There are 2 protein chains.
Amino acid sequence: MVERDVGLKEISKENFFETLKKFERPWGANYLAMYSSLWDGYTKDPDLMMIPADDHLAHRGDGVFDTMRCVNGCIYQLQRHLRRLERSANSIGIKLPLSTEELTGLVVEVTKKTGEKDCIIRVTVSRGPGGFSTNPYECFGPQLYINVIKYNPPPSYFYTKGVSLITSKYPQKDPLFANIKSCNYLLNVLMKKEALDNSADYSIGVDRDGYITEGSTENIIVFTKENELFFPPFDTVLTGTTAYRIKELAENLVSQSVLKEVSERKIHKDVVYEAKEVFLTGTSINIVPVSTYDGRKISDGMPGELFQRLRIMLENDMVNNKDLLTPVFD
Amino acid sequence: MVERDVGLKEISKENFFETLKKFERPWGANYLAMYSSLWDGYTKDPDLMMIPADDHLAHRGDGVFDTMRCVNGCIYQLQRHLRRLERSANSIGIKLPLSTEELTGLVVEVTKKTGEKDCIIRVTVSRGPGGFSTNPYECFGPQLYINVIKYNPPPSYFYTKGVSLITSKYPQKDPLFANIKSCNYLLNVLMKKEALDNSADYSIGVDRDGYITEGSTENIIVFTKENELFFPPFDTVLTGTTAYRIKELAENLVSQSVLKEVSERKIHKDVVYEAKEVFLTGTSINIVPVSTYDGRKISDGMPGELFQRLRIMLENDMVNNKDLLTPVFD
């Protein structure tokens with residue numbers, strides 16, 4: 001062995017936690033619980049919420065995830081989220097380490113441990129630990145991480161005044177990858193950064209031909225002056241569980257003659273400028289109205305009637321639709 | 001608080017390490033050391049080689065990395081790797097937490113601690129811990145992780161018989177993202193998987209127009225029957241430090257009239273089928289000859305003369321070129 005430098009501290013199991021103490025994490029109070037299949041247990045201690053550096057998730061983003069909400073003690077659309085998680089995993093050759101039934105039980109159990117009736121639940125399935133190459137076969141098996149986090153509602157102006165949206169300058173994902181909710185979210189990070197750097201709330205992707213795609217973690221919905229409600233085709237963007245549910249709910253408004261049509265179609269960004277109303281949807285934000293797009297007002301720049309109607313339909317669904325609610329607490 | 005289930009074990013600092021013991025990691029013997037800026041220290045204990053689950057690296061692949069080799073006690077092309085790391089980081093709005101000079105000192109120091117003269121050094125700069133959203137501004141600052149790993153040479157047939165290569169079916173990265181060595185490597189994972197699933201050693205990307213791009217973690221070089229040495233343009237693929245150095249070395253062969261031309265240009269895959277020799281390059285493999293592409297032999301399917309020549313030039317450079325070697329051990 002060579003002679004050692006001094007200076008760099010060696011960390012062992014004896015001084016590990018003491019060393020971690022110096023890393024202050026005030027936001028750790030938001031972290032209610034984490035389950036890891038490597039422990040087959042859960043922790044409430046934010047210091048312990050770690051993953052191995054050699055899990056391919058950590059060095060390749062090689063994993064998939066889904067995020068759902070527990071609302072007043074019931075998880076909304078849990079089965080749909082888990083089915084999408086399974087589809088994402090299968091798309092990249094990862095088999096879920098548990099059946100969706102077992103996973104349902106585990107998600108409920110971990111959430112219950114927190115005692116929190118309104119929270120965000122993040123389920124990640126990773127390729128697993130095994131080395132530092134790109135080769136998925138060096139891993140000994142997929143791992144499951146579940147993080148339960150406090151739900152912090154978006155600022156109230158989102159709903160009372162609407163949000164500002166800009167067109168992203170970044171090249172968008174190929175539909176193959178857009179449809180996999182993987183941990184390769186650098187584009188999504190850069191789109192969020194781009195929005196904030198330009199004093200906007202959100203940015204939206206546009207493909208090579210000028211058709212809008214999706215936001216950093218949001219779907220977009222466009223309501224035209226002809227009373228048509230358009231969704232970018234779900235085979236070209238991630239099938240958002242909130243957007244998809246709103247589409248189902250909105251279909252009732254066609255039979256009531258409130259809407260002329262509800263459909264998936266390619267939407268050119270010029271159509272967005274001229275829309276009657278525009279919405280962004282997501283698990284955390286539900287549905288929010290867009291007040292400006294690229295600095296131009298959408299209609300009068302205020303939340304419109306359809307927004308109010310869809311918001312009420314969705315919020316009602318989230319607490320009353322027994323078919324889509326999984327109770328956590330008895 | 002609600003009544004708790006039994007069944008799921010709660011992990012605390014008291015039983016954390018004991019729980020980890022059940023997670024057997026025989027390959028951990030390859031892990032010589034890990035430095036983390038969160039500890040500002042290093043560890044040789046594979047159990048402790050972890051990153052926080054809320055580092056955006058872990059849930060978005062939001063970080064950049066570079067991998068270099070220590071050969072016989074000297075790190076080859078360290079400065080070039082660190083400059084590329086800095087370029088990658090800056091491209092996504094991450095400032096390196098240390099200057100490249102300080103980083104050089106740290107990489108040398110951590111490597112020295114292992115006492116290992118032949119190893120792989122992986123330097124990762126992450127967005128940092130701070131939450132679970134895509135918003136980079138929720139993080140309190142970039143973190144640095146350095147992993148020193150045993151160098152395991154590729155199988156000897158790579159050099160004596162050559163490797164098999166197939167065309168990837170996956171849509172390739174936009175050049176903007178191809179040029180950033182980020183931890184969004186799902187495409188690269190799937191390309192490695194695709195190769196192995198098809199009983200090939202490697203796969204190579206092809207763009208929409210049929211021009212070859214890059215491998216999972218390899219660059220490709222094509223030597224034509226007209227004695228031209230072609231590299232796919234480095235503004236469309238990741239600028240491999242090995243490929244780039246081979247380009248520099250090969251330029252000497254033009255003045256010696258061994259090669260007619262050395263240049264970057266778009267290479268159609270049909271040109272590869274007809275090549276005299278084809279090579280893959282990378283930090284771990286150096287340079288390897290391709291014996292077959294999509295099942296067709298390259299020339300007679302055996303390593304050619306230029307391969308032998310370039311290999312010797314590169315291996316010589318790796319141990320004798322003082323300008324590109326950073327000594328670790330005094």
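Residue indices follow the written sequence of each chain, beginning from 1 at its first position. Chains and ligands are labelled sequentially in the order written, the chains with letters from A and the ligands with numbers from 1. Residue-level local features of this predicted model are given only where pLDDT is at least 70; pairs of side-chain atoms are given and counted only at 80 or more, and the full residue set underlies all totals for whole chains, interfaces and linings.

Details of the interface of chain B and chain A
A pair of residues counts as a contact when their C-beta atoms, built from backbone coordinates, are separated by no more than 7 Å. Of the residues lining the interface, 77 residues belong to chain B; the matching set on chain A comes to 77 residues. A total of 7 residues in the side of chain B that touches chain A trace back to one element, the largest contributor, which is helix 7 (residues 186-197) of chain B. Its residues placed into classes, the side of chain B that touches chain A shows 38 nonpolar, 21 polar and 18 charged. The pairing criterion is simple: DSSP has to find at least two bridges between the two strands. A run of H or I in DSSP counts as a helix once it spans at least four residues, and a run of E counts as a strand once it spans at least two, with each numbered from the N terminus. In the sheet, strand 3 (residues 41-43) of chain A pairs with strand 1 (residues 9-11) of chain B via 3 bridges, with the strands oriented parallel. Across the sheet, glycine 41 of chain A pairs through a bridge with lysine 9 of chain B, a residue of strand 1 of chain B. When residue character is reported, Ala, Val, Leu, Ile, Met, Phe, Trp, Tyr, Cys and Pro are called nonpolar, Asp, Glu, Lys and Arg charged, and the others, Gly included, polar.

Notes on the packing of helix 3 (residues 78-91) of chain B against helix 4 (residues 100-114) of chain B
All names here are of chain B. A fitted line through C-alpha atoms serves as each axis, taken over the contacting stretch for helices, and the angle formed by two N-to-C directions is quoted from 0 to 180°. It is the contact of helix 3 with helix 4, at a shortest axis distance of 11 Å, that shows an interaxial angle of 125°. Judged by the inter-axis angle, helix 3 sits oblique to helix 4. Note that helix 3 runs across helix 4; the crossing there is right-handed. Judged by residue contacts, Leu78, Leu82, Arg83 and Glu86 of helix 3 engage Thr100, Leu103, Thr104 and Val107 from helix 4. With respect to orientation, any angle under 35 degrees is reported as roughly parallel, any angle over 145 as roughly antiparallel, any angle of 65 to 115 as roughly perpendicular, and every other angle as oblique. Each helix crossing is assigned a hand: it is left-handed if the near helix lies turned anticlockwise from the far helix by less than a right angle, otherwise right-handed if that turn is clockwise.

As for the sheet that holds strand 18 (residues 325-327) of chain B
Strand order in the open sheet formed by 8 strands is 1(A)-3(B)-2(B)-8(B)-7(B)-5(B)-6(B)-18(B), with mixed pairing between adjacent strands. Looking along the sheet, the strands with just one partner apiece sit at the ends: strand 1 (9-11) of chain A together with strand 18 of chain B. When strand polarity is set aside, the average angle formed by the axes of neighbouring strands in this sheet is 25°. Pairing analysis gives 2 bridges linking strand 5 (residues 63-71) of chain B to strand 6 (residues 74-76) of chain B, with the strands arranged antiparallel. Within strand 6 of chain B, the residue paired with cysteine 70 of chain B across the bridge is isoleucine 75 of chain B. In the packing of helix 4 of chain B onto the sheet, the strands contacted are strand 2 (31-36), strand 3 (41-43), strand 5, strand 6, strand 7 (119-126), strand 8 (143-150) and strand 18 of chain B, and the crossing angle to strand 2 of chain B comes to about 145°.

Digging into the relation of the copies chain B and chain A
What sets the superposition is a least-squares fit of C-alpha atoms, and only residues with pLDDT of at least 70 in both copies go into it. Of the transformation superimposing chain B on chain A, the axial component is 0.0 Å and the angular component is 180°, with the fit at an RMSD of 0.0 Å. Such a turn and shift between the copies fits a two-fold axis.

Concerning the sheet that holds strand 3 of chain A
The 8 strands are arranged 18(A)-6(A)-5(A)-7(A)-8(A)-2(A)-3(A)-1(B) in an open sheet whose pairing can be described as mixed. The sheet is open, and its two edges are formed by strand 18 (325-327) of chain A together with strand 1 of chain B, each paired on a single side. Each strand axis lies, on average, 25° off the axis of its neighbour in the sheet, ignoring direction. Direction of pairing for strand 7 (residues 119-126) of chain A relative to strand 8 (residues 143-150) of chain A: antiparallel, over a ladder of 8 bridges.

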